[in-house]
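Structural features, examined
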Amino acid sequence: MQIFLLGDSVSQGIVFDTEKLRFAVSPDSFYQRIKSRLASEIVNLSRIGRTLGDARKALEKRLTQSKPRAVAIELGGNDCDYNWKEVAQAPSAAHVCKTPFAQFEKGVRDLVDRLRSEDILPVLFNLPPIDAERYFHFFCQSDRDMEEGVMRFLGSTSRIYWWHERFSSVIGKIAEEMNAPLIDIRRAFLYEEDYRDYLCEDGIHPNAAGHALIAERIQDFVGKHYAHLLA
């Protein structure tokens, strides 16, 4: 039986290559590390930039072809993000993130129910923490006008961290209330002395060391709750 990994660039294994100054798929991603440790085949449906709505469409299409044993869901990082260029151009205007918070919460709940209706196990991931300061400078690309405009909207870069954490926290809330399995990858980072050492220069993607943390957390979780799935 198969396990689907449904997610965004984090579970696709995207990292920021500091030498080539571009994004690339890492051969050391948590997906690459964990797939040989499980007895079931893992089909990675993750794609860079995916929101919950995009991922749901891709999953529905795939479910017409095959039925997995479980679907591991790693989403939210893009849903909570803003179009920062639009924010910078009109910082006093009302802006909404790619998936409004209430819509995201309802969408995750609906997805859990949808999978259970097909007798498929939903497994939720919360989000790895971000370095808001590093991310701010990354997407502004040293553009002073953009930095000033975005800061007028934010007030402080810490708001980026708080907003991202809010989406991660609601995933944990859903898992608890719906009695769905949760792999707490956020804790794996925050238990380190400085979690920023496990992030790429862009401040949002785990680096190779971060992916190793995630892989170990997954293996610990599977060994504790679903040991029969270990190779």
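Preceding this paragraph is the structure being described.
To keep things clear, this report deals only with the structure shown in the data block. Residue numbers run consecutively from 1 along every chain, following the written order of its sequence. Note on the predicted model: pLDDT of at least 70 is required for a residue's local features to be given, and 80 or more for side-chain atom pairs to be given and counted; whole-chain, interface and lining totals, by contrast, use all residues. Just so you know, side-chain values use all the structure's heavy atoms and leave hydrogens and water out.

Considerations on the pattern of salt bridges
Cut-off, in case you're wondering: A pairing counts as a salt bridge when a side-chain nitrogen of Lys or Arg comes within 4 Å of a carboxyl oxygen of Asp or Glu. Helix and strand labels come from DSSP, where a helix needs a run of H or I of at least four residues and a strand needs a run of E of at least two; each type is numbered from the N terminus. For each residue, the accessible area found with a 1.4 Å probe, counting protein chains only, is set against the maximum for its type, and the residue is called buried under 20%, exposed over 50%, and partly exposed in between.
Counted by the stated rule, this structure contains 12 salt bridges. Between Glu216 and Arg37 there is a salt bridge, with its nearest N and O atoms 3.2 Å apart. Highlighted residues: Glu216 in helix α10 (residues 208–225) and Arg37 in the loop between α2 (30–34) and β4 (41–44), separated in sequence by 179 residues. The exposure class of Glu216 is partly exposed, given its relative accessible area of 40%. Assessed through its relative accessible area of 22%, Arg37 is described here as partly exposed. Across the salt bridge formed by Arg114 and Glu60, the nearest N and O atoms sit 2.9 Å from each other. Of this pair, Arg114 sits in helix α5 (residues 101–117) while Glu60 sits in helix α3 (residues 52–63); the two residues are 54 residues apart in sequence, bridging distant segments of the chain. Since its relative accessible area comes to 22%, Arg114 is described here as partly exposed. Through salt bridges with shared partners, one network takes in Arg56, Glu60, Arg114 and Glu118.

Comments concerning α10
Worth spelling out the cut-off: The span you would expect from a helix comes to 1.5 Å times its residue count less one. Here a residue-residue contact requires only that any non-hydrogen atoms of the pair lie within 4.5 Å. Throughout this description, a polar contact denotes any pair of N or O atoms lying within 3.5 Å of each other; where both atoms belong to protein, one of them has to be capable of donating a hydrogen while the other can accept it, and for residues adjacent in sequence the pair is counted only when both atoms sit in side chains.
Compared with the 26 Å implied by 1.5 Å per residue over 18 residues, the 26 Å span of α10 between its first and last C-alpha is a close match. Buried residues of α10: Gly210, His211, Leu213, Ile214, Ala215, Ile218, Phe221 and Val222, and no others. The elements touched by buried residues of α10 are α1 (9–12), β2 (14–17), α2, β6 (121–125), β7 (182–183) and α9 (185–190). The N-terminus of α10 is capped by Asn207, whose side-chain oxygen sits 3.1 Å from the backbone nitrogen of Ala209.

Digging into the sheet that holds β4
So the rule is basically this: DSSP-based pairing: two strands are paired if at least 2 bridges between them are found. Note on method: axes are straight lines fitted to C-alpha atoms, helices fitted across the in-contact stretch only, with angles between N-to-C directions ranging 0 to 180 degrees.
With parallel pairing, 5 strands are arranged side by side in an open sheet as β4-β1-β5-β6-β7. For this open sheet the edge positions go to β4 and β7, each flanked by a neighbour on one side alone. Packing against the sheet, helix α8 (residues 158–177) makes contact with β6 and β7, and its axis sits at approximately 150 degrees to β6.

With respect to the nonpolar core
Quick note on the threshold: Within this scheme, the nonpolar core is defined by two criteria: the residues are buried Ala, Val, Leu, Ile, Met, Phe, Trp, Tyr or Cys, and they are joined through side-chain atoms within 4.5 Å.
Counting residues in each nonpolar core, the largest one holds 45 residues, and the members touching the most others are Leu59, Trp84, Leu124, Phe139, Val150 and Ile160. Counting residues in each nonpolar core, the second largest holds 25 residues, with Phe30, Ile185, Tyr195 and Ala215 among its members.

Overview of the side chain of Glu105
Locating Glu105 in the fold gives a position in helix α5. Beyond its immediate chain neighbours, meaning those up to four positions away, Glu105 contacts Val170, Lys173 and Ile174.

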